[in-house]
Amino acid sequence: MYDSEGRRNDADVPVTGCGPILSVSATPLRPLRQQIFETVRAAGRTARADVTRSLGISPGSATTLSAELIAAGFLREVEGLPREAGRGRPPVALEVVPDARLVVGIKLSDRAHTAVLTDFAGNVLANASQPTQPHRKTLEQTVTEVAELVATLLSGAQCDLSRISAVGAGLSGLVNHESGMVLWSPLLSQRDLALGPALSRRFGLPVFLDNDANNLTLAELWFGAGRARSDFAVVTIEEGVGMGLVLGNRLFRGSRGIGLELGHTKVQLDGALCRCGKRGCLEAYVADYALAREAATALDRNHNNPQSPKVMLETLFEQAKAGNESARTIFRRAGRYLSLGLANVVQLFDPELIILSGERMQYDYLYADEVIAEMRALTLEDGRVPCPVEIHAWGDLVWARGASALALGAVTDQALGDGWVA
Ligand SMILES: [Zn+2]
């Protein structure tokens, strides 16, 4: 449809007929068996009749397919539902067999890598953390560090690598989920590194890699405030400004599989220089390094003896709390730019909810009521309830939990979808 320079070439479009040529849904429907399993997993524990009702299927199919799932060791029957008045036997419920599959979720960072061991029901069985040096690593160094982290995790949990079905991992930067290529990351010394395949070879396991913000969004979809929402956005501020978007209950990664870059949307023509090399990006006004840049001046620090952005930012925050007006104006200005970014998200996607999520939600100036009020002031009033904004300050395992959801989803597709062996 498009030539190598991106120009539209209509020669491929048939001249007869009308309407979309591609099938209605680009994503194949999951087999009913998998839908039953996922309904039970989402409920935790549920009666077969409730599964039948929520999927709109016949009791006969539900009975046959759940019997198959039980025989294959993915579901089990438990007594756990309250006895109905006047009835004899307590009703039997279905639940996932937790150790039917185990996965590992990993978050790479410039301070400490973290990992969680998660069972098929989504329970975190163990976690581990490993401090790392803040300089950029080669592919080999990264693979070695991840292998050490996983070894620590599994030995702590007394679990053998042979019991693991897949590994999910995430890091900041441009990550192609499909190929496992890291096109660019602040953690890696080179561009275009095949980190996913390299980790897969090291472990002899399927490894699923994604951008941090996407994994954080999966954490909200699987374990957090996004569970009951079909369309929501997650915005996170760490070293940069990340965003993930769920549309129709699925993570939206864009046509190139890399994801959304809210941090590099432009909020100012010819504005502040961003670390991506371009000017006027949202990140250049809101991210840690942007605030730290201004903090050096506000705190009158010696530029020849620079502190880490993290230390600088913590000092700036303490100063703002203590009433230092110039420190406060830095946070307030960053908050106004964040309002602008959030208002653009609302106008573009009309999400049910925006979740401000991540590990570093302590800089509450960025999430103050004024920021939300300004976001609403910058959004068209259409008479409806404005898009709610929720703030989630998770612990630092949230990213690794999101990575484990990435692996769980893939393992579920493999075991109960295409790869089903009765
Ligand atoms: Zn940028």
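Everything here concerns the structure above.
Residues numbered from 1 in each chain as written. Predicted model: local features only at pLDDT ≥ 70, side-chain atom pairs only at ≥ 80, totals over all residues. Heavy atoms only, no water.

**Some words on empty space enclosed by the protein**
- For the coordinates displayed, the defined rule picks out 1 cavity of 30 Å³ or more.
- Here the largest cavity is characterised by a volume of approximately 70 Å³.
- Across the lining of the largest cavity, the residue classes tally to 3 nonpolar, 5 polar and 3 charged. (1 Å grid on protein atoms, 1.4 Å probe; cavity = no way out; pocket = protein on both sides within 12 Å on 5 of 7 lines; lining within 4 Å. Points joined across faces, edges and corners; volume = space filled by probe spheres on them. Nonpolar A, V, L, I, M, F, W, Y, C, P; charged D, E, K, R; others polar.)

**Here we look at the layout of surface pockets**
- Size it by volume and the largest pocket reaches roughly 1,900 Å³.
- Around the largest pocket sit 45 residues that line it, and Arg-30, Glu-38, Asn-249, Arg-250 and Asp-413 are the ones nearest its centre.
- Of all the secondary structure elements, the ones that give two or more residues to the lining of the largest pocket are helix H1 (32–43), helix H2 (48–55), strand S10 (207–211), helix H6 (212–223), strand S13 (250–251) and helix H12 (398–418).
- For the lining of the largest pocket, the element with the most residues is H12, which contributes 9 residues.
- Considering only residue class, the lining of the largest pocket consists of 18 nonpolar, 17 polar and 10 charged. (Helix = DSSP H or I, 4+ residues; strand = E, 2+ residues; numbered from the N terminus.)

**Points about the sheet that holds strand S1 (residues 46–47)**
- An order of S1-S3-S2 is seen for the 3 strands of this open sheet, with the pairing classed as antiparallel. For this open sheet the edge positions go to S1 and strand S2 (75–79), each flanked by a neighbour on one side alone.
- Where S2 lies against strand S3 (residues 92–96), 5 bridges are found, and the strand directions are antiparallel. Residue pairing across strands places Val-78 opposite Ala-93, the latter belonging to S3.
- Across the face of the sheet, helix H3 (residues 59–71) comes into contact with S2 and S3 while running at roughly 100° to S2. (Pairing = 2+ DSSP bridges. Contact = heavy atoms within 4.5 Å. Axes fitted to C-alpha atoms, helices over the stretch in contact; angles between N-to-C directions.)

**Focus on the packing of aromatic side chains**
- All chains considered together, the criterion is met by 7 aromatic pairs.
- On the basis of an interplanar angle of 50° and a centroid distance of 6.4 Å, the ring pair of Trp-222 and Phe-223 is categorised as tilted.
- Feature note: the residues Phe-37, Phe-74, Phe-120 and Trp-420 constitute an aromatic cluster, connected by ring pairs.
- A cation sits over an aromatic face here: Arg-401 above Phe-223, 4.0 Å from the ring centre. (Phe/Tyr/Trp six-rings, centres within 6.5 Å; stacked < 30°, edge-to-face > 60°. Lys NZ or Arg CZ within 6 Å of the ring centre and 35° of its normal.)

**So, helix H11 (residues 369–377)**
- Along H11, the positions that sit buried rather than exposed are Val-371, Ile-372 and Met-375. Taken end-on, H11 shows its buried residues confined to a sector of 95°, consistent with a single buried face. Across H11 from its buried face, at more than 90 degrees, point the exposed residues Asp-369, Glu-370 and Ala-377.
- Elements that come into contact with the buried residues of H11 comprise helix H10 (325–349) and strand S15 (389–393). (Buried < 20%, exposed > 50% of the residue type's maximum accessible area, 1.4 Å probe, protein only. Arc of directions from axis to C-beta.)

Remember, this is a structural readout, not a statement about activity or role.
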